[in-house]
Amino acid sequence: MVARTAVIGVGGWGKNHARVLAELGSLAAVCDANPARANEIAGKHRAKAYSSVDDMLASEKLDGCLVCTPTRTHSAVAKKVMEKGLHAFVEKPLAFSSQECEEMSLLAKRKSVILTAGYIERFNPAVSETKKLMEEKKYGEPLMIEFHRENRASLSVKDVGIIFDSSVHDIDTAMFLFDAKPHVVFARAGKHVHAFEDYATIMLGFASQKVAVIASNWLTPKKVRTFSAVCTEGIISGDFITQETRIDHAGETLVPRRPFQEPLTLELKNFIESIEGRAKPVVDASSATDVTRVAEAALLSSETGSPIYLDLK
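Residues numbered from 1 in each chain as written. Predicted model: local features only at pLDDT ≥ 70, side-chain atom pairs only at ≥ 80, totals over all residues. Heavy atoms only, no water.

(A) Layout of the overall build of the protein chain. Within the protein chain, the regular secondary structure consists of nine helices and 15 strands. Computed over C-alpha atoms, the radius of gyration of the protein chain comes to 19 Å, within 12% of the 20 Å expected from 2.2 N^0.38 for 313 residues, which places it in the range of a compact globule. Reported as C-alpha extents along the three principal axes, the dimensions of the protein chain are approximately 60 × 45 × 40 Å. Put simply, the protein chain has 313 residues, and 53% of those count as buried. If you take every contact in the protein chain between residues at least 6 apart in sequence, the share linking residues at least 24 apart comes to 64%. Within the structure as shown, the protein chain displays about 14,200 Å² of accessible surface, and the carbon and sulfur contribution to it stands at 52%. Taken together, the 39 basic and 40 acidic charged side chains of the protein chain have centroids lying 3 Å from each other. (Helix = DSSP H or I, 4+ residues; strand = E, 2+ residues; numbered from the N terminus. Rg over C-alpha atoms; globule rule 2.2 N^0.38 Å. Buried < 20%, exposed > 50% of the residue type's maximum accessible area, 1.4 Å probe, protein only. Contact = heavy atoms within 4.5 Å. Areas by Shrake-Rupley, 256 points an atom, 1.4 Å probe, with all protein chains shown as cover. Lys, Arg positive; Asp, Glu negative; His and termini not counted. Charge placed at Lys NZ, Arg CZ, Asp CG, Glu CD.)

(B) Representation of the packing of aromatic side chains. As enumerated under the stated definition, the model contains five aromatic pairs in all. Relative to phenylalanine 227, the ring of phenylalanine 147 has its centre 6.3 Å away and its plane inclined at 35°; by these criteria the two rings are tilted. Pair noted here: phenylalanine 147 is in strand β7 (residues 142–150) and phenylalanine 227 is in strand β11 (residues 224–231), with a separation of 80 residues, a long-range link. Taking relative accessible area as the criterion, phenylalanine 227 reaches 2% and is therefore assigned buried. (Phe/Tyr/Trp six-rings, centres within 6.5 Å; stacked < 30°, edge-to-face > 60°.)

(C) Representation of the pairing of strand β2 (residues 27–31) in the model. Most of β2 sits inside the fold, with five of its five residues counted as buried. Where strand β1 (residues 5–8) meets β2, four bridges bridge the pair, whose relative direction is parallel. Looking across to β2, one finds that isoleucine 8 is bridged to cysteine 31. Read as a crossover between parallel neighbours, the route from β1 over helix α1 (residues 14–23) to β2 is right-handed. Direction of pairing for β2 relative to strand β3 (residues 48–50): parallel, over a ladder of three bridges. Across the sheet, the residue bridging to alanine 29 is lysine 48, located in β3. As for the winding sense of the linkage, the β-α-β connection from β2 through helix α2 (residues 35–45) to β3 is right-handed. (Pairing = 2+ DSSP bridges. Right-handed = clockwise from strand over helix to strand, strands pointing away.)

(D) Structural view of the pattern of salt bridges. Scanning all chains against the criterion turns up 25 salt bridges. When the shortest N-O distance is used, the salt bridge between glutamate 23 and arginine 19 registers 3.4 Å. One end of the pair is glutamate 23 and the other is arginine 19, both in helix α1 and four residues apart, which spans about a single turn. Classification of glutamate 23 by relative accessible area gives exposed; the value is 54%. Exposure remark for arginine 19: the relative accessible area of 26% places this residue in the partly exposed category. For the salt bridge of lysine 131 with glutamate 135, the shortest nitrogen-to-oxygen distance reads 3.5 Å. One end of the pair, lysine 131, and the other, glutamate 135, are both in helix α6 (residues 125–136), four residues apart, so they sit about a helical turn from each other. Through salt bridges that share partners, Glu102, Lys181, Asp290 and Arg293 make up one connected network. (Salt bridge = Lys/Arg side-chain N within 4 Å of Asp/Glu carboxyl O.)

Structure (structure tokens):
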């Protein structure tokens, strides 16, 4: 039997989770504060529709839930799920504060349930290939990674700025690729047309003078999702959207070919298989909490103009 799951919040990215879970034969129910939206998505995928989380949790026999609600509600909703003894997948970030993340992690341990977060780029084939090349040091020692994540703001994001909505993806990817945690964070951010910061540049300093630079904005008309890893003997560049990687080394350019894979499908397969005991979550609660800590430091740095030093265990 495939694990029975539900999606809470299907207004933005959550509707894509519902689609993929239905394709995987796992979707049992959807819940959204907007009953019309819940009915629409549920109808598409032959699932039950609810407008109350409490009603859904009381009525359905589930194995796990996906929390795709606004960022500042993640903690409260995920706690309801885990209190019922259900596994929880929380869209990025795990929570808006590291204190909430820690409370969620403790509850997950107490209830012996999985708690994971939606850092989808770990499942992107371009990132997987780059990770392998960096670990093998095929093109020398990795020194610097630069990220660009740009496009017009999503109208569904209203409770946080670009750092917690978009930059967190690249914070997580930087730590994943370097297999390390930053000890210093410096950021500059500003507001142009939104209530929260809508552009930001973040620098993460790692041991051995390694660095990641993350540039994000909600102002560029064209959607951009790229990264570049500078190594001592070459540069590995990647595109999150096309999944293409390019390697510039010794005067030549290599472009490996591979089949396109939907990262969301790979991500949700991992969650389902983890529930069923056939896999382990690729993103654990501890690493997701560290991303929130770094994002908090970036916001503080942008407000104070000073670098923020961290001691992440």
